[in-house]
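Here is what each chain is made of, one letter per residue.
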Amino acid sequence: MQEVQAGTLQCRGGPDTGFVLGSVTNLNCLLQVDSAPDNHYVAAIQNFEVFIGESDVALAWRVMAPAPWLGVDDLVGTYARADDAGVNVLVGGSNATITLRPLTERNDTAAPQIDIQNLVIRPMDR
């Protein structure tokens, strides 16, 4: 299947924006798509190894999809690490047709080293 970049997803957490519930960390996310209003989401990361209350975390992905546009609920769903695709490359969404590819390189020594196995994205207002 051919994929095109449909937008970017930026997720942030820290003392004021992220919170930990048991082993789940929730981050505030913003989906930016050309020629469309921004959409807000929450990403729940289940195997997060950095305690968000003590560390600022910023994650950003290129949102790859079968078409260059996304419906509001297309991004919603469960994501899992893509086999042999690299660190933090995740596949999922409403029809398992979305790939999240990291925008930044892992060798940024100022940022916490994060290895995400899976996450769940839901709209901010639900």
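As a reminder, the structure under discussion sits directly above these lines.
The following refers to the structure shown. A quick note: this is a predicted structure, and the numbers were derived from the prediction, not measured. (Residues numbered from 1 in each chain as written. Predicted model: local features only at pLDDT ≥ 70, side-chain atom pairs only at ≥ 80, totals over all residues. Heavy atoms only, no water.)

## With respect to the pattern of salt bridges
Line of reasoning, step 1. Taken as a whole and judged by the stated rule, the model has one salt bridge.
Line of reasoning, step 2. The salt bridge involving E3 is made with R101; its shortest N-O contact spans 3.8 Å. Of this pair, E3 sits in the segment before β1 (4-13) while R101 sits in strand β8 (residues 98-102), and the two are 98 residues apart along the sequence.
Line of reasoning, step 3. R101 gets classed as partly exposed once you look at its relative accessible area, which sits at 28%. (Salt bridge = Lys/Arg side-chain N within 4 Å of Asp/Glu carboxyl O. Helix = DSSP H or I, 4+ residues; strand = E, 2+ residues; numbered from the N terminus. Buried < 20%, exposed > 50% of the residue type's maximum accessible area, 1.4 Å probe, protein only.)

## Concerning the pairing of strand β4 (residues 39-45)
Line of reasoning, step 1. With five of seven residues buried, β4 is to be regarded as a mostly interior element.
Line of reasoning, step 2. Where β4 meets strand β9 (residues 118-123), five bridges bridge the pair, whose relative direction is antiparallel. Looking across to β9, one finds that Y41 is bridged to P123. (Pairing = 2+ DSSP bridges.)

## A word on unusual backbone geometry
One can expect most non-glycine residues to show negative phi and most peptide bonds to be in trans.
Line of reasoning, step 1. Although it is not a glycine, N88 sits at a positive phi angle of roughly 65 degrees.
Line of reasoning, step 2. Note on placement: N88 falls in the loop between β6 (77-81) and β7 (90-92).
Line of reasoning, step 3. Using a relative accessible area of 10% as the deciding quantity, one classes N88 as buried.
Line of reasoning, step 4. One non-glycine residue with positive phi stands out, namely A96, at about 55 degrees.
Line of reasoning, step 5. In this fold, A96 is placed in the loop between β7 and β8.

## Observations concerning the state of the cysteines
Structurally, a disulfide amounts to a covalent bond that connects the sulfur atoms of two cysteines.
Line of reasoning, step 1. Under the counting rule described, the total for this entry stands at one disulfide.
Line of reasoning, step 2. Covalent S-S linkage joins C11 and C29, the inter-sulfur distance amounting to 2.1 Å. Residues C11 and C29 are joined by a disulfide whose S-S torsion is about 110 degrees; by sign, that bridge is right-handed. With C11 in strand β1 and C29 in strand β3 (residues 24-32), the pair connects residues that are 18 residues apart, well separated along the chain. Here C11 matches C29 in class, with each residue buried. (Disulfide = S-S within 2.5 Å.)

## A short note on the nonpolar core
Line of reasoning, step 1. By size, the foremost hydrophobic cluster in this structure holds 26 residues, and its most contacted members are L9, L59, W61, L75, L100, L119 and I121.
Line of reasoning, step 2. The set of elements that each furnish at least two residues to this core consists of β1, β3, β4, β5 (57-65), β8 and β9.
Line of reasoning, step 3. Per element, the largest residue contribution to this core is five residues, and it comes from β5. (Core = buried A, V, L, I, M, F, W, Y, C linked by side-chain atoms within 4.5 Å.)

## A short note on the environment of I98
Line of reasoning, step 1. With respect to the helices, strands and loops of the structure, I98 is situated in strand β8.
Line of reasoning, step 2. Remark: the alpha-carbon pair of I98 and D74, spanning 24 residues in sequence, is separated by 7.9 Å.
Line of reasoning, step 3. Setting aside its immediate chain neighbours within four residues, I98 contacts V63, M64, A65, L70, D74, L75, Y79, L90, V91, G92 and G93. (Contact = heavy atoms within 4.5 Å.)

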